[in-house]
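# A structural walkthrough
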There are 4 protein chains.
Amino acid sequence: MSEKLQVAVAGIGRMGMRHARHFATLTPRAELIAVCSPVQAELDAAQKEFGVRTYRDYEEMLRHEKTLQAVVVASATTVHAEQAIKAIEKGLHVLCEKPISTSPEISQSVVTAYEKSKKNHPAQKVICGFSRRFDASYRDAYQRMANGDIGTPAVFRSQTCDKLDPSGFFVAYAEFSGGIFVDCSIHDIDLALWFFGEESKVKSVSAVGITAVQPDLRKHNDRDNALGIIEFYGGKIAQLYCSRMMAAGQEDCTEVTGTAGKIAVNTQPQLNLVNLYEPTGIRREIPADYYGRFQAAFVTEANEFTACCLDNTRPPMSLDGAVKAVTIGCALQESLISGKKIEFDESGRRVEQARL
Amino acid sequence: MSEKLQVAVAGIGRMGMRHARHFATLTPRAELIAVCSPVQAELDAAQKEFGVRTYRDYEEMLRHEKTLQAVVVASATTVHAEQAIKAIEKGLHVLCEKPISTSPEISQSVVTAYEKSKKNHPAQKVICGFSRRFDASYRDAYQRMANGDIGTPAVFRSQTCDKLDPSGFFVAYAEFSGGIFVDCSIHDIDLALWFFGEESKVKSVSAVGITAVQPDLRKHNDRDNALGIIEFYGGKIAQLYCSRMMAAGQEDCTEVTGTAGKIAVNTQPQLNLVNLYEPTGIRREIPADYYGRFQAAFVTEANEFTACCLDNTRPPMSLDGAVKAVTIGCALQESLISGKKIEFDESGRRVEQARL
Amino acid sequence: MSEKLQVAVAGIGRMGMRHARHFATLTPRAELIAVCSPVQAELDAAQKEFGVRTYRDYEEMLRHEKTLQAVVVASATTVHAEQAIKAIEKGLHVLCEKPISTSPEISQSVVTAYEKSKKNHPAQKVICGFSRRFDASYRDAYQRMANGDIGTPAVFRSQTCDKLDPSGFFVAYAEFSGGIFVDCSIHDIDLALWFFGEESKVKSVSAVGITAVQPDLRKHNDRDNALGIIEFYGGKIAQLYCSRMMAAGQEDCTEVTGTAGKIAVNTQPQLNLVNLYEPTGIRREIPADYYGRFQAAFVTEANEFTACCLDNTRPPMSLDGAVKAVTIGCALQESLISGKKIEFDESGRRVEQARL
Amino acid sequence: MSEKLQVAVAGIGRMGMRHARHFATLTPRAELIAVCSPVQAELDAAQKEFGVRTYRDYEEMLRHEKTLQAVVVASATTVHAEQAIKAIEKGLHVLCEKPISTSPEISQSVVTAYEKSKKNHPAQKVICGFSRRFDASYRDAYQRMANGDIGTPAVFRSQTCDKLDPSGFFVAYAEFSGGIFVDCSIHDIDLALWFFGEESKVKSVSAVGITAVQPDLRKHNDRDNALGIIEFYGGKIAQLYCSRMMAAGQEDCTEVTGTAGKIAVNTQPQLNLVNLYEPTGIRREIPADYYGRFQAAFVTEANEFTACCLDNTRPPMSLDGAVKAVTIGCALQESLISGKKIEFDESGRRVEQARL
């Protein structure tokens, strides 16, 4: 076997530690060599589990790790773009957690940095980690659509709905999350772009929402349940639902209706293959969170990102698409708060409401 | 057993014949005595099957049938209101097929006629046949919500999606149907009002749509797939999908998410309890049309309508609600065509977009 | 419409009252005219609900009801055969609840009486009420098999499993039920004969069982859970499970595997189309008893029995098959108790274990 | 991280290569160092994929690989025991594919060798690879039963049913497979022992079978479909189905009914979370073979076997249980062919049928 991709993980909170674990133990062609975090306890835990070098400072890590080839950016969303750009400018491969940024402009700046850097590093890979792109069921669905099994895909429905966290942690979190459409529905938007075609052009978005369980979210211009509609040029429409109050667990499902059939992914969620027959009926559990649903996809992501870096092959998604997803997510979030429909012309520019 | 309710059916096309059959053979407390239709062949068929008196003219039927107690209006939508009002003015009970009319104003005129007539006929019953109100699964769902099983219902999703009819019959039909939101989603709107409470007040509606399989629908200002959002005052939101192009069959399902749980009705549609294990996998069929899904509900409707007429008990829904459903359906249809969000104040009046 | 079949019900305990109701109110071509029961309270209830003539004595009913055309025998199993024969000898049509008798010989005596009577009453109909034969899902399964959809049916699995009744009523009931294989599995055996062909010849049966919840059943040579295997001549085998201790409710399901596919009926039981999403997962309820599962089938049974009597058409099953089912059920029950395999030669005679 | 377990795989046919892959790439704490096979092409393929040393001769591998710590025996069933014993006698850890042998006596000889060797190598681990013991769903089911969630487990149903292989490969394979009960149902038997308790004592077995698609199996005293019943002392019973002719794919499912509930595993098989809505209905695919169903379990097996070798912890199953499973499987296979019930006394000895 060839040599292993030298990987560092920036940000080792809950999801960062998982990324670290995937690269350290479940990605045979990668080697985790360093991690960084501003939190010493996190560094200690990573050092203990992986025996890697640890850094309090991201730039110091980039400077010191001479063999470093790839960085996984799993830090707080607010620093995603900045850290990604710094790694990009050093010619490193980057796997950046979603969203690149809660701002379309900042997201675009990462693409710009990448395009500039690629002139000197033509084999450099930078992707945004939309984990569902690596999920076996979504891939099966995509392949069938690409085969024409449902005719022309025309109507998309998708939801990203979190189990209710009674601690209300998500209220504080909402301050920097970009809002529920940017934090949750970004995945559904990415799926819509994947299934309808990356070249799809948004025509309009509309959204409404409520605070059914956490009125305090309004302080951060956010909601705990929201519905959105996206219209694309070319006769395609999408319907979104995002929520923070699912009782049973994580409920992420997607349906695409085409002119000759429909494909549904996870419309009957389940934790595993067990059914319980009890005096109250038949019951099954469902995953408590997105990681319970998508763990295998994250591992595939780590392996495929590693392979495309080492083999200089094309990654399964473009960085441009990630910016487009942020743009749509932000527009939905704006519509959610303003109550106004937002329209775009075919060049992607917003059509301002006529003012007389 | 007491004497039987004397019933006539006006309009005996496909659905009218079914109503006739339900009253003639599956409603022990009713007796079908007459039918009317402008089509002689339909009258002949009904005469043969039920041995009833037949009329080409609706008013003649009302005049001649001295023992008549109740009329089922199952004629073309365009004459629903007119026929209903004529029966109402004679003091007859009326079961009117949905929608009362494709116009909110005309729908309201039926209510007005009923209110006037009731002064002289306090036991008179007039209902609009929202069949799902009589479906065992929807009733189970309603009862659980009424028990508080899901906390406060807050987010509603429902779809009425017809199997694709390759003949394109629905294009001609669209001329008088009132549009897909009035023809199909009216059921979902009625369910939203039922589950959120009849007193719910609509705040806004938005819709988008496409013609994926039948561009000719645009001639009649209609679409073959549409998505809608309804906002209600008091923190409740609803998401609708209506379609004419389902490959597998009728797909009508509903979900209501509350602050403590969710109830789903028919999110895993099926024709019966059979599963087929074939070289291509496991397959089940689903009902081809709404009658395949709701036949038992229609029979329940016939029996309960009969019982409430004979026993002078309260019918399971108000006629006012049916007008409200038409109003919302028409607003969604208008938004679908205009692309504009439509807003209502708390008194139910439309808020006109500010014009400077 | 032609005149109505004049029907009486003998035995109006729980199931008898249901039969009475089906014939009185849900079978348009039948008229319930009389019922009999040794229990005055039952007669009073029937009189009140149906306004029919009532009898304490079965023979008196047969004598007095001069217009009587058909009898539904729904009395205690111990008198099924005797009552059926009396009605048969009067030339009446008979719908006899299962089993005809818990004895193959007595069951056969009903067939003999019927064959004799038919010489004088060639249009006379006598059937044993295997309700599943009238169930839409089982019929769909049968039709698909008849079409060759699964190739040659070869392996059958079926179970009849009752919800645990904590009152233990079934212990006393076991004294006369014929045992769990005769009481419960008789339905599965009938299905095996239907799906494999009425002409199927049993080759051997084996059974084992336990008393997991009601050791007292052993007093009556019965068990609360039992497993059986039936071998048929011609390369077909069947697997049975019967139980009295299902926590969730009635679980009756059937699978038939053929050389080219498999058909499953009710392997995912459900009460209706509702799913509940709760903090403990997703839950659905299932029917509490066989009537919750098969109510519509019983109504179909009443209507089709009525139609075949009035129109002199062939009933959907032969009386011979019912005797065969009892014979197999009794052999399984014997094997359950003795622990010995029981073998039959191709003429249907038992092969005694060689004794040297 | 500590040093890695040095592993060799003996036999690198289809399943052996999978084991090699799991240890080489998906088991972070193991290192695959050698493989052996009598087939040069297989050795070449393994050398190319893993860069390991290759051997035509098993004993030579054991002699030359001085650092070897553990052997995975994945060769033909006929040499499982012999290869296992050779490794055991060298003090190596062994993961032996199922069944240890098709003979209970030979299986026992492996246990005897292990017991002898353990005196000198107290930390030595030898397990038989019952993959389902490592499956997340089966483990969830086990844990719930251990918690008492279904009361006392009493009735077990399980099936191992292969997708029909039209090539008929399994006919030739049957010569050495030990028969369908030893080859397929051994997994179900192992599950019964796990769920009812390893100490469970078999009381009797009965079986019947047919050759529905491959009459040639009779040459090898085998069948393509078989049903079995196992009785255990202490009031527990089990029902088995094994088949080689499933149209849709691998159908392995298990149900355990207890005095207070039931647990079902995989009674609704599926390949992934995708459902296809087509003109013929709703369809899902299922795994084509056991590896499609249990791949993750095999990886867990590799990791847990590695961990228990390195950390000297208790493996999740005893080797004794594997012998017991072979003994029951062989008895079922004998009953399948002889048509006779086989009984055992509580000490595990066969009770011979009384001969006068």
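Just so we're clear, the structure is a prediction, and the values are computed from it rather than from any experiment.

## With respect to the packing of aromatic side chains
Overall, the coordinates contain 48 aromatic pairs over all chains when judged by the stated rule. On the numbers, 6.5 Å between centres and 55 degrees between planes, the contact of Phe156(A) with Phe195(A) is tilted. Here Phe156(A) is found in strand E7 (residues 153–163), whereas its partner Phe195(A) is found in helix H9 (residues 186–196), with 39 residues between them in sequence. The same class applies to Phe156(A) and to Phe195(A), which are both buried. With a centroid separation of 5.1 Å and 25 degrees between ring planes, the pair formed by Trp194(B) and Phe195(B) is classed as stacked. For Trp194(B), a relative accessible area of 11% corresponds to the buried category. On the accessibility criterion, Phe195(B) (8% relative accessible area) is buried. Each member of the aromatic cluster is reached from another via a ring pair, and the members are Tyr138(A), Tyr142(A), Phe156(A), Trp194(A), Phe195(A), Phe196(A), Phe232(A) and Phe294(A). The side chain of Lys262(B) reaches across the aromatic face of Tyr277(C), ending 4.0 Å from its centre. Sitting over the ring of Tyr291(D), Arg18(D) keeps its end group 3.9 Å from the ring centre.

## Things to note about the domain arrangement of chain A
All names here are of chain A. The domains assigned to chain A are domain 1 (5–129) and domain 2 (135–296 + 324–351). Measuring from the centre of the C-alpha atoms in domain 1 to the corresponding centre in domain 2 gives 26 Å. Taken together, the contact pairs eleven residues of domain 1 with 13 residues of domain 2. When domain 1 packs against domain 2, the two sides together hide about 1,000 Å² of surface, and 62% of this comes from carbon and sulfur.

## Looking at the pairing of strand E5 (residues 93–97) of chain A
Residues and elements named next belong to chain A. Extensive coverage of E5 is indicated by the burial of five of its five residues. Here E5 shows no split at all, with His93, Leu95 and Glu97 on one side and Val94 and Cys96 on the other all buried. Here strand E4 (residues 70–73) pairs with E5 via four bridges, running parallel. For Val71, the partnering residue across the bridge sits in E5 and is Val94. When E5 meets strand E6 (residues 126–129), the two strands line up parallel, connected through four bridges. Bridge assignment links Leu95 to a residue of E6, and that residue is Ile127.

Each value, and the rule that gives it
- Residues numbered from 1 in each chain as written.
- Chains lettered and ligands numbered in written order.
- Predicted model: local features only at pLDDT ≥ 70, side-chain atom pairs only at ≥ 80, totals over all residues.
- Heavy atoms only, no water.
- Phe/Tyr/Trp six-rings, centres within 6.5 Å; stacked < 30°, edge-to-face > 60°.
- Helix = DSSP H or I, 4+ residues; strand = E, 2+ residues; numbered from the N terminus.
- Buried < 20%, exposed > 50% of the residue type's maximum accessible area, 1.4 Å probe, protein only.
- Lys NZ or Arg CZ within 6 Å of the ring centre and 35° of its normal.
- Domains from an automatic or database assignment.
- Contact = heavy atoms within 4.5 Å.
- Buried area = accessible area lost by both parts, 1.4 Å probe.
- Pairing = 2+ DSSP bridges.

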